[in-house]
Amino acid sequence: MKNKLSVIVSDFDDTLFFINDCIRGASLEVIGKEFNLYEVKEMSRDIKSKIYDTAHTKYWHRAIANLPIIDYVKKMQAEGYETIIMSARGEEHRQIMAGMLSSVGLGYMEMILAPDHSISDEKWKLSEFEKLLDRYSKIMALEDKKENINYILDRVDAKRLEFYHVNRGEIMKVERN
C-alpha cells in the first residue's frame, strides 16, 4: 500500500467542467424543452439517462472548464500528488473526457469510469473508493454532490478519506465527527 496522498477528482461533471449548457441542449433535443441540470436530476431515470447521454456525446463542447478547481488540482500535482479522475459517466465517454482534460492541460494517472449504470452513482463510487483505500493509505477527494460525500463517508474510514465539497470555484473540507 502506498503512503502517498492521492488527489481524487470524483465527479467530472460540475467539479472539473460545468455541464449545464450541455444539458440544456440535450434536453431540448430529447424532450423538446430546455431544462437545466437540477431540473433534469429530478426526472425519471430513463429520461435523465437519455438526456445525459445526449449531453455527453453531442453537446460536450458546450461544457465550461471550472478553472479554479483545475488550477487547484494542477497545484497539488506540482506538489507531488497523484491524480485519479473518477466519474460515474460511462466508459463510452472516456475519449471525450480525455480530450476535455487535455484541452485544459490537466494530466492524470488513471481515469475510473462506470462500466454501466446498473447501480446508483453513490454506490458505485463507494465501491471504487473502497478499492482505492486498499491501494492508498490516505485519499483526498473532490466532489460536488453532498449526498455522495455523506453516503461514502458514512461507510468508510473517514480518517483515511478526506472529502472536499466543490461548489462552483470554491473548495470546502467536509468535517466528520
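Residues numbered from 1 in each chain as written. Predicted model: local features only at pLDDT ≥ 70, side-chain atom pairs only at ≥ 80, totals over all residues. Heavy atoms only, no water.

A.B. asks: When you look at the pairing of strand S4 (residues 82-90) in this model, what are you seeing that I'm missing?
C.D. replies: In summary, the side chains of a regular strand alternate between the two faces of the sheet. Burial analysis of S4 places 9 of its 9 residues in the buried class, the great majority of the element. The alternating pattern of S4 places Glu82, Ile84, Met86, Ala88 and Gly90 and Thr83, Ile85, Ser87 and Arg89 on opposite faces, both of which are buried. Where S4 meets strand S5 (residues 110-114), 5 bridges bridge the pair, whose relative direction is parallel. Looking at the pairing, Ser87 lines up with Leu113 of S5. Between the parallel elements S4 and S5, the chain passes through helix H5 (residues 94-103) in a crossover that is right-handed. (Buried < 20%, exposed > 50% of the residue type's maximum accessible area, 1.4 Å probe, protein only. Helix = DSSP H or I, 4+ residues; strand = E, 2+ residues; numbered from the N terminus. Pairing = 2+ DSSP bridges. Right-handed = clockwise from strand over helix to strand, strands pointing away.)

A.B. asks: When you look at the layout of surface pockets in this model, what are you seeing that I'm missing?
C.D. replies: To find leftover empty space, one rolls a probe the size of a water molecule over the atoms. Each pocket or cavity is described by its volume, and for the largest pocket that value is around 990 Å³. Forming the boundary of the largest pocket are 37 residues, of which Leu37, Lys41, Tyr52, Asp121 and Lys145 lie nearest the centre. Counting only elements with at least two residues in the lining of the largest pocket, the list comes to helix H1 (20-31), helix H2 (37-41), helix H3 (45-58), S4, helix H6 (121-135), helix H7 (146-153) and strand S7 (161-167). Sort the elements by how many residues they give to the lining of the largest pocket and H3 lands first, with 6 residues. Of the residues that constitute the lining of the largest pocket, the class distribution is 9 nonpolar, 11 polar and 17 charged. Its volume calculated, the second largest pocket comes out at about 190 Å³. In terms of lining, the second largest pocket is formed by 13 residues, of which the most central are Ala158, Lys159, Leu161, Val174 and Arg176. The element contributing the most residues to the lining of the second largest pocket is S7, with 3 residues. (1 Å grid on protein atoms, 1.4 Å probe; cavity = no way out; pocket = protein on both sides within 12 Å on 5 of 7 lines; lining within 4 Å. Points joined across faces, edges and corners; volume = space filled by probe spheres on them. Nonpolar A, V, L, I, M, F, W, Y, C, P; charged D, E, K, R; others polar.)

A.B. asks: Explain the side chain of Glu162 here, please?
C.D. replies: Looking at the secondary structure, you find Glu162 in strand S7. Taking relative accessible area as the criterion, Glu162 reaches 15% and is therefore assigned buried. One polar contact links Glu162 to Tyr164, side chain to side chain, over a distance of 2.7 Å. (Polar contact = N/O pair within 3.5 Å; in protein donor to acceptor, adjacent residues only side chain to side chain.)

A.B. asks: Where do I start with the packing of H6 against H7 in this structure?
C.D. replies: Helices that pack against each other are described as a pair by the angle of their axes relative to one another and the distance between those axes. The N-to-C vectors of H6 and H7 enclose an angle of 45°; their axes lie 9 Å apart at closest approach. Classed by the angle they form, the pair H6 and H7 counts as oblique. When the axes of H6 and H7 are compared, the crossing they make is right-handed. On H7, the residues that touch Asp121, Glu122, Lys123, Lys125, Leu126 and Phe129 of H6 are Asn148, Tyr151 and Ile152. Per-class residue counts for the contact of H6 with H7 are 4 nonpolar, 1 polar and 4 charged. (Axes fitted to C-alpha atoms, helices over the stretch in contact; angles between N-to-C directions. Parallel < 35°, antiparallel > 145°, perpendicular 65-115°, else oblique. Left-handed = near helix turned anticlockwise from the far one by under 90°. Contact = heavy atoms within 4.5 Å.)

A.B. asks: Explain the nonpolar core to me, please; I cannot follow it from the model alone.
C.D. replies: Here is a general trend for soluble globular proteins: nonpolar side chains tend to be buried in one another's company. Counting 34 residues, the largest nonpolar core has Phe12, Leu16, Phe17, Ile23, Leu101 and Leu142 as its most contacted members. Looking at this core element by element, the count peaks at 4 residues for helix H4 (residues 67-78). Residues within four places of Leu142 in sequence aside, it is in contact with Ile8, Val9, Ser10, Asp11, Thr15, Ile69, Tyr72, Val73, Tyr164, Val166 and Ile171. (Core = buried A, V, L, I, M, F, W, Y, C linked by side-chain atoms within 4.5 Å.)

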